[in-house]
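Inside the fold
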Amino acid sequence: MKSVFIGDVQSGAHDGAEVELKGWVKRTRGNNNLRFVVLRDSTGSIQCVVKRDTVGDEVFALLSEALIESSMILKGTVKVDERADGGHELAVLSGNVVGGVDPERPFPITESAMVAADGGETEFLLDNRHLYLRTSRMTTMLQIRSSAFGAIHGYFRDLDFVEYQAPNFVAGAVEGGSTLFEVPYFGRTAYLTQSWQLYAEAAMPALERLYTVAPSFRAEKSRTRRHLTEFWHAEMEVAWASNDEIMQHGEGVVRRIAATLLEERSDALESLGRDLNTVERYAESPYPRMRYDEAVETLQGMGVDIEWGQDLDYSKEKVLTQDFDVPHFLTHYPKVAKPFYHRVDPDDDAYVLCHDLLAPEGYGEIIGGGERTWSEEEILARIDEEGVPREPYQFYIDTRAYGGVPHGGFGLGVDRVIAWLAGADHIREVIPFPRDSRRVTP
Ligand code: ATP
Ligand code: MG
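Reference entry: report on the structure contained in this document. Only a predicted model underlies this, so the values are computations on that prediction, with no experimental measurement involved.

1. Some details on the site of ligand 1
Within the structure, ligand 1 sits among 16 residues, and Arg218, Glu220, His227, Leu228 and Glu365 are positioned closest to it. The separation between an oxygen atom of ligand 1 and a polar side-chain atom of Glu365 is 2.7 Å. For ligand 1, the protein covers 85% of the area, taking 580 Å² as the surface of the free molecule. Under a 2 Å grid-point criterion requiring more than half of the atoms, the pocket assigned to ligand 1 is the second largest pocket. Contributions of two or more residues to the shell around ligand 1 are made by β11 (230–239), β15 (364–371) and β16 (407–413). Ranked by the residues each element gives to the shell around ligand 1, the list is headed by β15, at four residues. Counted by class, the shell around ligand 1 contains five nonpolar, five polar and six charged residues.

2. Some points on helix α8 (residues 197–207)
Taken together, the buried positions of α8 are Gln197, Leu198, Ala200, Glu201, Ala203 and Met204. The elements touched by buried residues of α8 are β10 (209–217), β11, α14 (394–399) and β16. Note on α8: the residue one or two positions beyond its end, Glu208, has a positive phi of about 65 degrees.

3. Quick look at the layout of surface pockets
Approximately 980 Å³ is the volume found for the second largest pocket. Broken down by element, the lining of the second largest pocket gets its largest block of residues, five residues, from β15. Of the residues assigned to the lining of the second largest pocket, the class counts are 14 nonpolar, twelve polar and 14 charged.

4. Description of the side chain of Thr229
Considering the arrangement of structural elements, one finds Thr229 in the loop between β10 and β11. You can call Thr229 buried: its relative accessible area is 9%. What Thr229 contacts, discounting residues up to four positions off in sequence, is Phe181, Ser216, Phe217, Arg218, Glu220, Arg435, Asp436 and Ser437.

Quick notes on the rules
Residues numbered from 1 in each chain as written. Chains lettered and ligands numbered in written order. Predicted model: local features only at pLDDT ≥ 70, side-chain atom pairs only at ≥ 80, totals over all residues. Heavy atoms only, no water. Near = heavy atom within 4 Å. Polar contact = N/O pair within 3.5 Å; in protein donor to acceptor, adjacent residues only side chain to side chain. Areas by Shrake-Rupley, 256 points an atom, 1.4 Å probe, with all protein chains shown as cover. 1 Å grid on protein atoms, 1.4 Å probe; cavity = no way out; pocket = protein on both sides within 12 Å on 5 of 7 lines; lining within 4 Å. Sits in = over half its atoms within 2 Å of the grid points. Helix = DSSP H or I, 4+ residues; strand = E, 2+ residues; numbered from the N terminus. Nonpolar A, V, L, I, M, F, W, Y, C, P; charged D, E, K, R; others polar. Buried < 20%, exposed > 50% of the residue type's maximum accessible area, 1.4 Å probe, protein only. Contact = heavy atoms within 4.5 Å. Points joined across faces, edges and corners; volume = space filled by probe spheres on them.

Pasting the structure below:
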């Protein structure tokens, strides 16, 4: 292991002390007698000053020749220096290269390659994703991502929810057949799960309050900035809960994620150019609620071509949310627009008790949820009405035969929430190895 991290040195914890730094070369420059090696580790970077006179010819040659991303150990004295990046510098006393880089095969992700990639050559960065992870932008995203995951677990665990795991090989669809991934399964066909929900509902009478954070799989054919084929899904299910109460949890967990990022990652957010006041607004403001009908009227008033009964696709979400300054819930969609498990509104059977949470700044839907059809009679009627085969859902129907109760839950797209809060242009910026219809490598 190592005991001294560069971030601690830069925050002033080792001023004047002799330390041993272990890291990777970010860049290097200098002349025959003096080299400046910028060393980075997972916590930051620092300029290290190597003098031939101090370290001797052999070590000087070794450190001078080390290329970008060589790993090295440097011993030296920490100097406070206002002019240096981060306010500190290491005066190197000795050092050695641990893992070198072959000059025939230099690290491909150079500053100029990054600039070029911004101009559209992102395939290059995606092909080199295994190396791109080391860049400061990606490191920052991964740190933000970790805090977001921690916030989700923290939110639910603080409220005594039980973390519960569902299978990833399944027999039926949750979100419609068109995005199901088929998997050969010993002479039969299985599918990769689109959601944890149906299996969570089976455990609802056992655990009452349950959640997960797990991958879901959807064969999204069109590549968008908001869809992955493998994404991380935070889902929850609660017994005895109404649509309103479930929305309160949706709002609660999203605000908790925003608050946690401010607390743990404000420097990271700023380094990405994110305005902290915006994130603060998402952490502190209540999220208004709007019925589907009102949304349709608003859109029609804006000249958008939409008819009552249609689901709101992204093109409509984008227009609707353009004037929102915080996320808004859309509730009470028409029954015809939603799958069978959504509970029909007892006050008006043209609608279901559901909600989508739409994020501002063009990010669109981040949560989908609602109450579930909980009586056996109703679920059978809804399945038949939609022409869905009963057979793959037999276990799901069966759970209703033994003490059904009102319940509901939601699914939150974790990568989408992170992309939105970090202000990323594309969902694949926030996940280490993004998967879409064209890419399963590296
Ligand atoms: P969309 O209309 O945007 O495809 P959806 O209606 O299919 O979303 P749900 O089935 O309600 O989404 O899934 C719950 C949440 O999971 C969504 O609100 C979204 O945040 C996230 N999500 C859904 N599909 C994807 C995907 N392909 N990639 C990343 N996140 C997704
Ligand atoms: Mg979808």
